[in-house]
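Overview (structure and organization)
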Amino acid sequence: MGEVREAVRQRYAVVARQLAVGGGCCGGPSQQGGGGRGCGSPYRAEDLTELGLDGGLSLGCGNPVQLAELKPGETVLDLGSGGGLDVLLAAQQVGPEGHVYGVDMTDEMLELANRNRDRAGVTNATFFKGTIEQVPLPDGAVDVVISNCVINLAEDKAAVIQEAFRVLKPGGRLAVSDMVELQPLPETVKHELDAHVGCIAGTIPVDAYRRILVEAGFEAPEIRVTGMEAVFGGSGAVGSAAVWARKPVD
Ligand SMILES: C[S@@+](CC[C@H](N)C(=O)[O-])C[C@H]1O[C@@H](n2cnc3c(N)ncnc32)[C@H](O)[C@@H]1O
């Protein structure tokens, strides 16, 4: 495993244990400034109540489930499912005829997600171990790929987007919340492992994100910046974004 990916895995193993005592955006409860980066809960209180879960379980930066506009019976994959909140919310929406998969590389996150699923009594969701660069699902397996604040953590974002394209059925859609670079970050920040695992240093500009989507084969990509989240002494900035794209029908 690469140095960055191993650092990410180690960080999120710790975060998974801390989630029992309160959540946070991307870097989790110990991530300084996590709460200050505009990470208020984007979830509807009634959806959380129905599952008996807390919005603090989210380490995300948006609401990809809402962005995906899921329909009953659909099959969904969540890339980097963490504590499982988006998977469980998506499972509510696709109903008993549908199914939601969550893939994550961190054992502690998978344990937490499985506990949350059992506690919420959800039966149409499955969490499995794997990387988002090599998803253990066959081609054309799902209608929708969602992800929340994870793709920025991957060193090879093109590989992740290509995997999303591969596992989608023709006509399937990608709905992602992620962090993007809004103003170039100082080189020193770009090389900090800590800033990388905190969803800052691994961000790329919106144009680069769109190019990766188009090169993977997606059509009609839309990237909407939803908030500026951090500014480094006026010389760099990152923000949250909603990313949407479709796999062509043929
Ligand atoms: C910032 S957290 C987001 C978790 C969840 N999506 C949420 O919104 O709460 C990132 C998650 O992605 C997982 N992750 C990061 N890089 C990954 C990779 N390359 N392959 C699989 N999982 C990864 C981490 O283990 C962690 O659970």
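Description of the packing of helix α6 (residues 157-167) against helix α9 (residues 206-216)
A packed helix pair is summarised by two numbers, namely the angle formed by the two axes and the spacing between the axes. Packing of α6 against α9 brings their axes to within 9 Å, and their N-to-C directions diverge by 45 degrees. The orientation of α6 with respect to α9, classified from their angle, is oblique. Judged by the twist between their axes, the crossing of α6 over α9 is right-handed. Counting all contacts with α6, which are made through Lys 157, Ala 158, Ile 161, Gln 162 and Phe 165, the residues of α9 involved are Tyr 209, Ile 212, Leu 213 and Ala 216. Its residues placed into classes, the contact of α6 with α9 shows seven nonpolar, one polar and one charged.

Notes on the site of the ligand
Among the 23 residues in the neighbourhood of the ligand, the closest are listed as Leu 59, Gly 80, Asp 104, Thr 106 and Glu 133. At 3.3 Å, a backbone N or O of Met 105 approaches a nitrogen atom of the ligand. A total of 590 Å² of accessible area belongs to the ligand in isolation, and the protein chains cover 99% of it. Here the ligand is seated within the largest pocket. No other element matches helix α1 (residues 3-18), which puts three residues into the shell around the ligand. When its residues are assigned to classes, the shell around the ligand shows ten nonpolar, nine polar and four charged.

Looking at the confidence of the model for the protein chain
On average, residues of the protein chain score 91 in pLDDT, and 91% of them are at 70 or above. For residues 29-38, every residue scores under 50 in pLDDT, and the model assigns this stretch 22 contacts once sequence neighbours within four places are set aside.

Regarding unusual backbone geometry
Only a minority of non-glycine residues have a phi that is not negative, and only a minority of peptide bonds are not trans. Positive phi, close to 45 degrees, is recorded for Glu 69, a residue that is not glycine. Tracing the chain through its elements places Glu 69 in the loop between α3 (64-68) and β1 (75-79). The exposed category is assigned to Glu 69, whose relative accessible area is 61%. With phi around 65 degrees, Cys 149 is a residue other than glycine that occupies positive phi space. Its place among the elements puts Cys 149 in the loop between β4 (142-148) and α6. Exposure remark for Cys 149: the relative accessible area of 3% places this residue in the buried category.

Digging into the packing of aromatic side chains
Throughout the structure, instances matching the rule amount to two aromatic pairs. Judged by centre distance (5.9 Å) and plane angle (55 degrees), the ring pair of Tyr 101 and Phe 128 falls under tilted. In this pair, Tyr 101 sits in strand β2 (residues 99-104) while Phe 128 sits in strand β3 (residues 125-129), placing the two residues 27 residues apart along the sequence. Overall, the relative accessible area of 17% leaves Phe 128 in the buried class.

Remarks on the environment of Val 135
Checked against the element boundaries, Val 135 lands in the loop between β3 and β4. As for Val 135 and Leu 77, which are separated by 58 residues in sequence, their C-alpha atoms are 9.8 Å apart.

Description of the pairing of β1
Buried residues dominate β1, accounting for five of its five residues. Alternating residues of β1 divide into Thr 75, Leu 77 and Leu 79 and Val 76 and Asp 78, and every residue in both groups is buried. Remark: the β1/helix α4 (residues 85-94)/β2 crossover connection has right-handed handedness. Bridge count between β1 and β4: four bridges; the pairing is parallel. What sits directly across from Val 76, in β4, is Val 144.

Conventions and cut-offs
- Position numbers for residues count from 1 along each chain, tracking the sequence in the order it is written.
- pLDDT decides what is reported in this predicted model: residues at 70 or higher carry local features, side-chain atom pairs at 80 or more are listed and counted, and totals for whole chains, interfaces and linings draw on all residues regardless.
- Side-chain descriptors were evaluated using all non-hydrogen atoms of the structure, hydrogens and water having been removed beforehand.
- Here an angle of 0 to 180 degrees is reported between the N-to-C directions of two axes, which are lines fitted to C-alpha atoms, with helices fitted over the stretch in contact.
- Here a strand is any run of E in DSSP of at least two residues, a helix any run of H or I of at least four, and the numbering for each starts at the N terminus.
- Any angle that is under 35 degrees is reported as roughly parallel, and any over 145 degrees as roughly antiparallel; angles of 65 to 115 degrees are reported as roughly perpendicular and all others as oblique.
- Throughout, a crossing is termed right-handed when the near helix is turned clockwise from the far one, and left-handed when it is turned anticlockwise from it by less than a right angle.
- Throughout, a residue-residue contact means that at least one pair of heavy atoms, one from each residue, lies within 4.5 Å.
- Nonpolar residues are Ala, Val, Leu, Ile, Met, Phe, Trp, Tyr, Cys and Pro. Charged residues are Asp, Glu, Lys and Arg, and all others, Gly as well, are polar.
- For this purpose, a residue is taken to be near a molecule or strand whenever a single non-hydrogen atom of the residue falls within 4 Å of it.
- We call two N or O atoms a polar contact when they sit within 3.5 Å, provided that within protein one can donate a hydrogen and the other can accept it, with sequence-adjacent residues counted only if both atoms are side-chain atoms.
- The accessible surface values rely on the Shrake-Rupley method and a 1.4 Å probe; as for residues, cover is taken only from the protein chains in view.
- With a 1 Å grid spanning the protein atoms alone, the term cavity applies to any set of points in which a 1.4 Å probe fits but cannot get out, the term pocket to an open set with protein on both sides within 12 Å along at least five of seven lines, and the term lining residue to any residue with an atom within 4 Å of a point.
- Should more than half of a molecule's atoms lie within 2 Å of a pocket's or cavity's grid points, that molecule is taken to sit in it.
- Scored between 0 and 100, pLDDT is the confidence that the predictor attaches to each residue.
- We call a residue buried when its accessible area falls under 20% of the maximum for its residue type, exposed when it is over 50%, and partly exposed in between, using a 1.4 Å probe and counting protein chains only.
- A pair of Phe, Tyr and Trp rings is counted when the ring centres sit within 6.5 Å of each other, with Trp represented by its six-membered ring. The angle between the planes then sorts it: under 30 degrees is stacked, over 60 is edge-to-face, the rest tilted.
- By the criterion used throughout, a crossover qualifies as right-handed when its path from the first strand across the helix to the second strand runs clockwise, the strands pointing away from the viewer.
- Criterion used throughout: strands pair if DSSP finds at least two bridges between them.

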